[in-house]
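Each chain, letter by letter, is given below.
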Amino acid sequence: MIATHPEEHAEHEHSPYLRHHFANLEQQRETSTFGMWLFLLTEIMFFGGLFCAYLIYRNWYYPAFVAGSHQLSIALGATNTAVLICSSFTMAMAVYSSEMRWRKALVGWLLATIVLGGVFLGIKAVEYREKWEKRHVPGLNFSAAGFTHQDPNYPEDKPLAPDMAEKTQVYFSLYFAMTGMHALHMIIGVSILIILVIRAWGGAYTQGHMTTVENFGLYWHFVDIVWIFLFPLLYLISRHQ
Amino acid sequence: MSTIVMLPDQQTASLPKRSYLNEEYGLKSWLLTGDHKRIAILYLISITIFFFIGGFFAGMIRLELLTPPSDLMAADTYNKMFTMHGIIMVFLFLVPSVPATIGNFLIPIMVGAKDLAFPKINLLSWYLYVLGGILVLAALTLGGVDTGWTFTTPLSTHYLNTHVITAGLAIFVAGFSSIFTGLNFIVTIHRMRAPGMTWFRLPLFVWSHYAASVLMVLGTPVLAITLVLVILERVIGIGVFDPAKGGDPLLFQHLFWFYSHPAVYIMILPGFGVISEVISTFSRKRVFGYTAVAFSSVAIAVFGFFVWAHHMFIMGVSNYSALVFSLLTMLVAVPSAIKIFNWSFTLYKGSITFETPMLYAFGFIGLFTIGGLTGVFLGSMGMDIHLTETYFIVAHFHFVMVGGMLMAFLAGIHFWWPKMTGRMYPEGISKLAALTTFIGFNLTFFPQFILGYLGMPRRYAAYPPEFQVLNVLSTAGATVLGVGYVLPLLYLAWSLKYGKIAGSNPWQATGLEWQIQSPPLTTNFVETPVVDYEAYDYEWLANKTKHEVQTVG
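Moving on, we come to the overall build of chain A. Assigned secondary structure in chain A consists of eight helices and zero strands. Scanning chain A from its N terminus toward the C terminus, one meets helices and strands in the order α-α-α-α-α-α-α-α. Against the 2.2 N^0.38 benchmark of 18 Å for 241 residues, chain A shows a C-alpha radius of gyration of 23 Å, more extended than a compact globule. In terms of overall dimensions, chain A has a C-alpha envelope of 80 × 45 × 30 Å along the principal axes. Expressed as a percentage of its 241 residues, the buried residues of chain A come to 50%. In chain A, the share of contacts with a sequence separation of at least 24, taken over all contacts with a separation of at least 6, comes to 79%. Here chain A has roughly 11,200 Å² of accessible surface; of this, 66% comes from carbon and sulfur atoms. Taken together, the 15 basic and 18 acidic charged side chains of chain A have centroids lying 9 Å from each other.

This part is about the layout of surface pockets. The calculated volume of the second largest pocket comes to roughly 1,600 Å³. Listed by contribution, the elements that provide at least two residues to the lining of the second largest pocket are α2 (25-60), α7 (168-201) and α8 (211-235) of chain A together with α4 (119-142), α6 (164-191) and α7 (204-235) of chain B. Grouping the amino acids of the lining of the second largest pocket by side-chain chemistry returns 27 nonpolar, ten polar and four charged.

Next up on the list: the packing of α2 of chain A against α7 of chain B. For the pair α2 of chain A and α7 of chain B, interaxial distance at closest approach is 8 Å and the crossing angle is 40°. The angle between α2 of chain A and α7 of chain B places the two elements in the oblique class. Where α2 of chain A crosses over α7 of chain B, the handedness of that crossing is right-handed. Contacts between α2 of chain A and α7 of chain B involve Leu-38, Leu-41, Thr-42, Met-45, Phe-46, Gly-49 and Leu-50 of chain A on the former and, on the latter, Val-217, Leu-218, Pro-221, Val-222, Ala-224, Ile-225 and Leu-229 of chain B.

Attention now goes to the interface of chain B and chain A. With 47 residues of chain B at the interface, the matching set in chain A holds 42 residues. Interface area for chain B against chain A, summed over the two sides, is near 3,700 Å², with a carbon-plus-sulfur share of 72%. Connecting chain B to chain A are one salt bridge. Residue Glu-30 of chain A is joined to Arg-191 of chain B by a salt bridge in which the shortest nitrogen-to-oxygen separation is 3.5 Å. There are eight residue pairs in polar contact (both at pLDDT 80 or more) connecting chain B and chain A. Contributing elements (two or more residues each) for the side of chain B that touches chain A: α4, α6, α7 and α8 (249-283) of chain B. Counted by class, the side of chain B that touches chain A contains 31 nonpolar, eight polar and eight charged residues.

This brings us to the pattern of salt bridges. All names here are of chain B. Tallied over the full model, the rule gives eleven salt bridges over all chains. Note that Glu-534 is salt-bridged to Arg-286, the shortest N-O span being 3.9 Å. Separated by 248 residues along the polypeptide, Glu-534 in the loop between α15 (468-498) and α16 (538-547) and Arg-286 in the loop between α8 and α9 (290-304) bring together distant segments of the chain. The class of Glu-534 is partly exposed, set by a relative accessible area of 35%.

With that settled, the discussion passes to the side chain of Ser-326 of chain B. Residues and elements named next belong to chain B. As for its position among the elements, Ser-326 is in helix α10 (residues 319-347). Of note is the side chain of Ser-326, whose polar atom sits 2.7 Å from the backbone oxygen of Gly-379. Beyond its immediate sequence surroundings of up to four residues, Ser-326 is in contact with Phe-313, Gly-379, Ser-380 and Met-381.

Here we take up empty space enclosed by the protein. All names here are of chain B. Under the definition given, this model contains three cavities of 30 Å³ or more. Taken together, 15 residues line the largest cavity, and the ones lying closest to its centre are Val-95, Pro-96, Ala-174, Ser-177 and Ser-178. Only α3 (75-111) and α6 provide two or more residues apiece to the lining of the largest cavity. Broken down by element, the lining of the largest cavity gets its largest block of residues, six residues, from α6. The class makeup of the residues in the lining of the second largest cavity is eight nonpolar, two polar and three charged.

The next point concerns the packing of α8 of chain B against helix α11 (residues 356-379) of chain B. Residues and elements named next belong to chain B. For the pair α8 and α11, the least separation of the axes is 9 Å and the interaxial angle reads 130°. Taken together, the axis directions place α8 and α11 in an arrangement best described as oblique. Between α8 and α11 lies a crossing whose hand is left-handed. Residues Ile-268, Phe-272, Ile-275, Val-278, Ile-279, Phe-282 and Ser-283 of α8 lie in contact with α11, whose contacting residues are Pro-357, Met-358, Ala-361, Phe-364, Ile-365 and Phe-368. A per-class count over the contact of α8 with α11 returns twelve nonpolar, one polar and no charged.

This part is about a nonpolar patch on the surface. A cluster of nonpolar side chains, namely Leu-63, Leu-66, Leu-72 and Val-472 of chain B, defines an oily patch on the protein surface of about 300 Å² accessible area. Along the chain, Val-472 of chain B turns up in helix α15.

For the rest of this paragraph, the subject is the confidence of the model for chain A. Here chain A shows a mean pLDDT of 90. Residues at 70 or above account for 94%. Under a pLDDT of 50 for its full length, residues 1-12 of chain A has, in the predicted model, 25 contacts with residues more than four places off or in other chains.

Thresholds applied
Residue positions are given per chain, counted from 1 along the sequence in the order it is written. For this description, chains carry letters from A and ligands carry numbers from 1, given in the order in which they are written. With pLDDT at 70 or above as the cut-off, local features in this predicted model cover only qualifying residues; side-chain atom pairs require 80 or more to be listed or tallied, and sums for whole chains, interfaces and linings still use all residues. Hydrogen atoms and water are omitted, and side-chain values are computed over all heavy atoms in the structure. Per the convention used, a helix needs a DSSP run of H or I reaching at least four residues, while a strand needs a run of E reaching at least two, with both numbered from the N terminus. When we talk radius of gyration, it's over C-alpha atoms, and the globule rule is simply 2.2 Å times the number of residues to the 0.38. Relative accessibility decides the category of a residue: with a 1.4 Å probe and only protein chains considered, values under 20% of the type maximum give buried, values over 50% give exposed, and everything between is partly exposed. Should any heavy atoms of two residues lie within 4.5 Å, those residues are considered in contact. A 1.4 Å probe and the Shrake-Rupley method give the accessible areas. Residues count as covered only by the protein chains that appear here. Positive: Lys, Arg. Negative: Asp, Glu. His and the chain ends are not part of the count. The atom standing in for a charge is NZ when the residue is Lys, CZ when it is Arg, CG when it is Asp and CD when it is Glu. For each structure, a 1 Å grid was placed over the protein atoms alone; sets of points admitting a 1.4 Å probe that cannot get out are labelled cavities, open sets with protein on both sides within 12 Å along at least five of seven lines are labelled pockets, and lining residues have an atom within 4 Å of a point. Grid points are joined across faces, edges and corners, and a volume is the space filled by probe spheres set on the points. Residues are grouped as follows: Ala, Val, Leu, Ile, Met, Phe, Trp, Tyr, Cys and Pro are nonpolar; Asp, Glu, Lys and Arg are charged; every other residue, Gly included, is polar. Structural elements are reduced to axes, namely lines fitted to C-alpha atoms, with helices fitted over the stretch in contact, and the angle between N-to-C directions of any two is expressed from 0 to 180 degrees. Roughly parallel means an angle under 35 degrees; roughly antiparallel, over 145; roughly perpendicular, 65 to 115; everything else is oblique. By definition, any crossing whose near helix is turned counterclockwise from its far helix by less than a right angle is left-handed, and any crossing with a clockwise turn is right-handed. Reported buried area values correspond to the accessible surface (1.4 Å probe) lost by two parts on association, with both partners' losses combined. Should a side-chain nitrogen of Lys or Arg be within 4 Å of a carboxyl oxygen of Asp or Glu, the pair is scored as a salt bridge. For the purposes of these results, a polar contact is taken to be a pair of N or O atoms within 3.5 Å, where, inside protein, one atom must be able to donate a hydrogen and its partner to accept one; residues adjacent in sequence count only when each atom of the pair is a side-chain atom. A residue counts toward a patch only above 30% relative accessible area and without a salt bridge, and it is joined to like-charged neighbours within 9 Å or, for Val, Leu, Ile, Met, Phe, Trp and Tyr, to nonpolar neighbours within 5 Å. A score between 0 and 100, pLDDT records how confident the predictor is in each residue.

Here it is, written out as C-alpha cells:
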C-alpha cells in the first residue's frame, strides 16, 4: 500500500512557497481557499444570531423600530454604503494586480482600500457621536423622551405610546451591537491590510503566491456584504412617506 | 466473519530511533510546534489539568451533599462550586477532550496526510484554549461565578455581582479554539486525503469527527455572539435580553441552546468514533453497517440543530413549538440507536478479546444507552415537566457525558497510548481502573435518577433528610469514581518510562495509523500512502502479513 510519487517530490524542490505537508501548490491553494470559505460560514453564523434577534424584535416592536430608524441619517448611511462598495472594487483590483504581478499597482490598490475603510469608520464615528448627543445610547445615556412626541420630519408617524417608546432601546441596542460588530470587523480588516501593504511593498504577493491576498479579499467582500444587509435593515424602515 | 491476524512477536519490538517525540528538544520546540501530534500532547496535558480541577469541584459538591443541611459551605459558595464544575468540565474538558487530543493526533494519520491543513491555526487554537482556561482560573481566583454554566439571563446580566464577564470572555475565547479545530478537521478531511482514500474508505472515527466539526463550525459562533451580547448587557446596559427595556430573556435561552444542544453532540460524536474503532479492532470484524454508522453521525449533526428548545419546555415556549421540538427530539434518538445496534451486531460472532479499551467501550455502550433512553423520557413533554430541573436531569446528562464520553475518551487514550508514546500501559491495573470507573460511576449517578424522580431539585446545597441515604450512596460512588480516574493518571505516567515497548501494531488493527511506527515520525509517513482497501479490512491485513514481515522500529 505504500508507493512513491516521484512527481510530488519534484514539486517539493520547485516552489519555495509550498509547505511541507501539501503534495503540490494546487492542493495548498485549494485548501486555504476552502478554509477561508468555511471561516466565512462561521462569520455568517456569528452575525446570524444578531439578525435573528433583529427579526424577532422588529416583528414585535415595529413602530419603535420605525421611529428609531427615522433617527438615523440616510445621507451618511448611503455614503458609507457607496464607500464600502468602492472599497470592494479597489480590493478586487488589488487581487487582480497581485495575479498580474504588478507590485506597485497592488500596493496602490491596497492603500486605496485602507483609505476607504478609514473613511467608512470615520463616518461611522460621526454617526455614533450624533447618537450620543441625541441620547440614543441604551444603558449609557438613553432617553425615550423624544419618541413620545410627533416627529416633525415624518408627519405621518404617530407619536409612540410611552411603553412602545421604551422599546426603541431594543432597536438602538441592536443598532449598536450590529454596526459595532461590523465596525470591529472593519478595524480588524484595516489592520490586516496595513500588514499586507508592508509585505506587498517588499514584493511578497507578486511572485506567483497570492493566496493570502485572495483570501483576505474574500474576507473584505464578506464584511461589505454584511453592511449591504445592515443598511436597509437599520436605515430604511418605512421611509417611503 | 472475524479474521484473526498474527503479527510478529511484539516482545522483540524496540523503540524507533527517530520519532516526533525526539525530533527536537526543549520547551520552545513544543510551544512553537506546528506538528499536530505535539499539539495533541499539549492539549492532552492541559485538558487533564482542567479535568482534575473540575473534578475537585465535583468532589466538593458531593461532600456538601453528604448531609441534608448546607453545612460544609454557604449556599452561594455551593453555587460557585457547581458553576465552576460545569464551566470547566463542559468548555475546557468535554468539548476539546477527544477531538483536540486523540482527533488531533490521528485524523491526519488516518486520512494519510502529513499534518492538518493549517498547522499554525492548530497551534493558535491551543493557545486560545489556554487563554480561555487562564480566564476561567482568573474568574475563579477573583471570587468565582455563580450563574450555573448556562449563564441564564436576567440572572447573569442583572442580579449577580460575581465575575460573569471574565467567565463569559473565557468561553468566548475557548469557543474560537474549538471553531479553529473544527475548521481544520473539515478542511483536512476534504482536501488532504491520501490517494485512494475515498470517503467510504475513511475510518468511522474520521466520519464522526467530521460531523462534530460541522457542529463546532456552525454552532460555536452563535454562542460567541450570545456571550458578547450578555457581556455588553452587563457592561454597558444594552437591552437585547433585558425585559425592562423590551428585550426577551427567552431569546437568550434560544440562542444559548442553539449552540449548547449541538454542543452535546460535539462532545459525544468523537466518542462514537473511538468506540467504532475499538469495537471493530477487538472483535476482529468490520463495523457492521459501515455506511449506516457513517451517515448516522451526519444525521445526528443535522437533527442536532433542530432540537434545542427541549431544554426550554417549562420556560414559556408555545405548546405547538414544544410539540414539534419534542417530536424532533425523539427523532434524534434514531441515529444514536442505529449506532448502538450496529456496534452490537459488530460484536455478534466476532472474536472478542477483553483488553482495557474494550472494557471501557462496553461501559460506554451500556451507560450511553441508559443516558440516551432517559433522554427520550425527558424529550416527552409530560415527563419533562415533572423531571426537569431535578437530579434526574443531572443523572441523565452525566450518563451521557461521563458514562458515555469520558468512558470513550479513556477507551481512546488506552487504545492509542501505544501509538502516542510507543509504550504499552500496564494491562492488569488498567483493567482494574476500568472496572472501578464503571462501578463508581453507577454508584454515583444511578441513585440520582431515583432522587430526581422523587423530586429532589438540582442546584441546591440543602435537601430534605429523607433523601440522605441515596445522597450518601452517590457521594460514596463519587469517591470510588475519583480513584478510578486517578489510577490511569498514575499508571499512564509510569508507563512512559517503564511500559513495555509497543511496536507499531500491538492490536493487529487495520487503520493507517497502525501501519506506521510508534511513536510516529514527525511527517507521519515515510512515503505518501496509497490506499487500496476498505476500513477495517482484516482479510487485507491477514494477506498482508502473510507476505511480508512487519518491520518495527
